[in-house]
Protein chains: 2
Amino acid sequence: MRETYHEELNDVVNQLVSMSSNVRTQVHDATRALLEADLRIAERVIADDARLDAMHEQIEKQCFQLLARQAPVAGELRTIVAALRMVFELARMGDLAAHIAKIARLRYPEHAVPAPLEANFTRMAQLADAMIAAAGRTLDDRDVEEASKLAENDEEMDELRAEQFKVLLADDWEHGVEMAVDAALLGRYYERIADHAVAMGRRIIYVITGEAPDGENWPNA
Amino acid sequence: MRETYHEELNDVVNQLVSMSSNVRTQVHDATRALLEADLRIAERVIADDARLDAMHEQIEKQCFQLLARQAPVAGELRTIVAALRMVFELARMGDLAAHIAKIARLRYPEHAVPAPLEANFTRMAQLADAMIAAAGRTLDDRDVEEASKLAENDEEMDELRAEQFKVLLADDWEHGVEMAVDAALLGRYYERIADHAVAMGRRIIYVITGEAPDGENWPNA
């Protein structure tokens, strides 16, 4: 019985790692659809979001069954409670990737992102990718150091967003209201993906150490 | 022991109800700060968000302790797992109220919302208020009917957002890029508040009936 229990608990963690790799693909593909104005990829990202929602439902059910059947305590209870939150963070990142793909689809065959913001969004997407990967690795290796680095990446993400606003609110912006609004919303989506990765990292630190990480208020993560 | 347990469980639900009433005040005040360009109210909303974060932390701890000490099953386990999610939804609504207040503060002494969008945002805020109130009442009375109405309100919210885009992307928009970007982000914040209220309603239906509500995929809520 105990062995099955630990297998089931490991299975939940492994599924979260696999879900994070799926989310990474979705964000990567959504960015390609966006920057290359590729309708086929955009449609695929939007359709594939249902797969992440199914994973969400499945992992949540497993956590619930573990709680009901095994009455876990201490570190194991922390793991399951954190998993319930992390599966939600991952599902939200997936939703946000689908939102990005929907803007790409809406503007097709035009590019939603104008030339002066391309490099900025490319970097935002790279950072988001690195952050989801780091969250997944942290979960896999239980490496607190890795999770702590997420906060640094998040700072760069905030700077990139501030730069976007500077560009699109400048007097020489010549791409009109629609492209400015798209860029502001897209920037918000990438920023939120990063926030969810940071929140995951904080949950993992909590699982490993039993303490909420220092710094900001815990629920703000 | 069992009596204390049920008292503790009731206490969690009561605290969620009280938190929802706090969130309602925050959204209401953020809207006043926004539509009346009132800096004093904006600052207060931003400062008071820390109180909601503290409630989040406190309720989450209580849920964790209930799980650790009481090994709940069936309906009680569902209630606690749902509470862990609902406290997060409420904290996010609070964050979004603070985001709205921050835009009001950023544009002060100007109004962030131009005249052609005032009625629209007023209605969005009324709907958001009604939805948070309905989610709180549902939690208090365990009334599934009330929760089901949230989906209708959410549809009107989506229509209001679509109208906003029509107005700010129209050829006769004369309020510039900055006000259009503000409006798009503000619209997104109110829409997300509504989404969180709907998600809460769905969690409550699940707690009461033991079944995920019909319709959309459960985790999408």
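Residues numbered from 1 in each chain as written. Chains lettered and ligands numbered in written order. Predicted model: local features only at pLDDT ≥ 70, side-chain atom pairs only at ≥ 80, totals over all residues. Heavy atoms only, no water.

Within an unreviewed UniProt entry, the label attached to chain A reads Phosphate-specific transport system accessory protein PhoU, and the organism entered is Luteococcus japonicus LSP_Lj1. The record held by UniProt for chain A lists under Sequence similarities (unreviewed entry) the comment "Belongs to the PhoU family." (UniProt positions renumbered as here; feature names shortened; annotations may be inferred.)

J.: How would you sum up the packing of helix 6 (residues 176-209) of chain A against helix 6 (residues 176-209) of chain B? Please name residues and give values.
T.: Following both chains from N to C, one finds helix 6 of chain A and helix 6 of chain B inclined at 40 degrees, their axes separated by 9 Å at the closest point. Comparing the axis directions of helix 6 of chain A and helix 6 of chain B gives the class oblique. By crossing handedness, the relation of helix 6 of chain A to helix 6 of chain B is classed as right-handed. Taken together, the residues of helix 6 of chain B that come into contact with helix 6 of chain A (itself represented by V177, A180, V181, A184, L185, R188 and Y189 of chain A) are V177, A180, V181, A184, L185, R188 and Y189 of chain B. (Axes fitted to C-alpha atoms, helices over the stretch in contact; angles between N-to-C directions. Helix = DSSP H or I, 4+ residues; strand = E, 2+ residues; numbered from the N terminus. Parallel < 35°, antiparallel > 145°, perpendicular 65-115°, else oblique. Left-handed = near helix turned anticlockwise from the far one by under 90°. Contact = heavy atoms within 4.5 Å.)

J.: Break down the nonpolar core for me, with residues and values.
T.: One finds L16, F121 and Y190 of chain A together with L16, F121 and Y190 of chain B to be the most contacted residues of the largest nonpolar core, which totals 150 residues. Excluding residues that lie within four positions of it along the chain, F121 of chain A makes contacts with L35, V113, Q164, A183, L186, G187 and Y190 of chain A. (Core = buried A, V, L, I, M, F, W, Y, C linked by side-chain atoms within 4.5 Å. Buried < 20%, exposed > 50% of the residue type's maximum accessible area, 1.4 Å probe, protein only.)

J.: Break down the pattern of salt bridges for me, citing the residues and quoting the values.
T.: Applying the stated criterion to the full structure yields 30 salt bridges over all chains. The shortest N-O distance in the salt bridge between E191 of chain A and R188 of chain A comes to 3.5 Å. Taken together, the residues span about one helical turn, with E191 of chain A and R188 of chain A both in helix 6 at a distance of three residues. Residue E191 of chain A shares its accessibility class with R188 of chain A, and that shared class is buried. One salt bridge in this structure joins D29 of chain B and R44 of chain B, with 3.0 Å as the shortest N-O distance. Of this pair, D29 of chain B sits in helix 1 (residues 2-35) while R44 of chain B sits in helix 2 (residues 39-70); the two residues are 15 residues apart in sequence, bridging distant segments of the chain. In this structure R44 of chain B comes out as partly exposed when scored by relative accessible area, which is 37%. Via salt bridges that share partners, E60 of chain A together with R85 and R203 of chain B belong to a single interconnected network. (Salt bridge = Lys/Arg side-chain N within 4 Å of Asp/Glu carboxyl O.)

J.: Help me get a handle on the packing of aromatic side chains, residues and values and all.
T.: In total, this model carries three aromatic pairs over all chains according to the counting rule given. Between the aromatic rings of F88 of chain A and F88 of chain B, the centroid separation amounts to 5.0 Å while the plane-to-plane angle is 75 degrees, which identifies the pairing as edge-to-face. With F88 of chain A in helix 3 (residues 74-107) and F88 of chain B in helix 3 (residues 74-107), this pair bridges two chains. Residue classification places F88 of chain A among the buried residues on the basis of a relative accessible area of 6%. Seen in terms of ring centroids, F121 of chain A and Y190 of chain A are 6.0 Å apart; in terms of plane orientation they differ by 55 degrees. Their pairing is tilted. Here F121 of chain A, found in helix 4 (residues 115-141), pairs with Y190 of chain A, found in helix 6; they are 69 residues apart in sequence, far enough to count as distant. Grouping residues by exposure puts F121 of chain A and Y190 of chain A together as buried. Taking the ring centre of Y206 of chain A as reference, the NZ or CZ of R78 of chain A above it sits at 5.9 Å. (Phe/Tyr/Trp six-rings, centres within 6.5 Å; stacked < 30°, edge-to-face > 60°. Lys NZ or Arg CZ within 6 Å of the ring centre and 35° of its normal.)

J.: Pulling in residues and values, what's your account of the relation of the copies chain B and chain A?
T.: Least-squares fitting of chain B to chain A yields an RMSD of 0.0 Å, with the superposition described by an axial translation of 0.0 Å and a rotation of 180 degrees. On this basis, the relationship between the two copies can be described by a two-fold rotation axis. (Least-squares fit on C-alpha atoms with pLDDT ≥ 70 in both.)

J.: For the interface of chain B and chain A, give the residues involved together with the corresponding values.
T.: The interface of chain B with chain A comprises 42 residues on the first partner and 41 residues on the second. For the pair chain B and chain A, the summed buried area comes to about 3,500 Å², and 62% of that belongs to carbon and sulfur atoms. Of the charged contacts in the structure, one is a salt bridge between R203 of chain B and E60 of chain A, with a shortest N-O distance of 3.1 Å. Run the count over chain B and chain A and you get four residue pairs in polar contact (both at pLDDT 80 or more). Taken together, the elements giving at least two residues each to the side of chain B that touches chain A come down to helix 2, helix 3, helix 5 (144-169) and helix 6 of chain B. Among the residues making up the side of chain B that touches chain A, the classes are represented as 26 nonpolar, four polar and 12 charged. (Buried area = accessible area lost by both parts, 1.4 Å probe. Polar contact = N/O pair within 3.5 Å; in protein donor to acceptor, adjacent residues only side chain to side chain. Nonpolar A, V, L, I, M, F, W, Y, C, P; charged D, E, K, R; others polar.)

J.: How would you explain the confidence of the model for chain A if you had to name every residue and give the values?
T.: Residues of chain A with pLDDT of at least 70 account for 94%, and the chain-wide mean is 92. Every residue in residues 215-221 of chain A is under pLDDT 50, and counting partners more than four places away or in other chains gives 20 contacts. (pLDDT = per-residue confidence, 0-100.)

J.: Break down unusual backbone geometry for me, with residues and values.
T.: Residues and elements named next belong to chain A. Here the bond from Y108 into P109 is cis, since omega is 5 degrees, no more than 30 degrees from zero. With respect to the element layout, P109 can be found in the loop between helix 3 and helix 4. Residues other than glycine seldom take positive phi values, yet A37 does so here, at roughly 45 degrees. Here A37 is to be found in the loop between helix 1 (2-35) and helix 2 (39-70). Residues other than glycine seldom take positive phi values, yet R142 does so here, at roughly 55 degrees. Mapped onto the fold, R142 is located in the loop between helix 4 and helix 5 (144-169). On the accessibility criterion, R142 (48% relative accessible area) is partly exposed.

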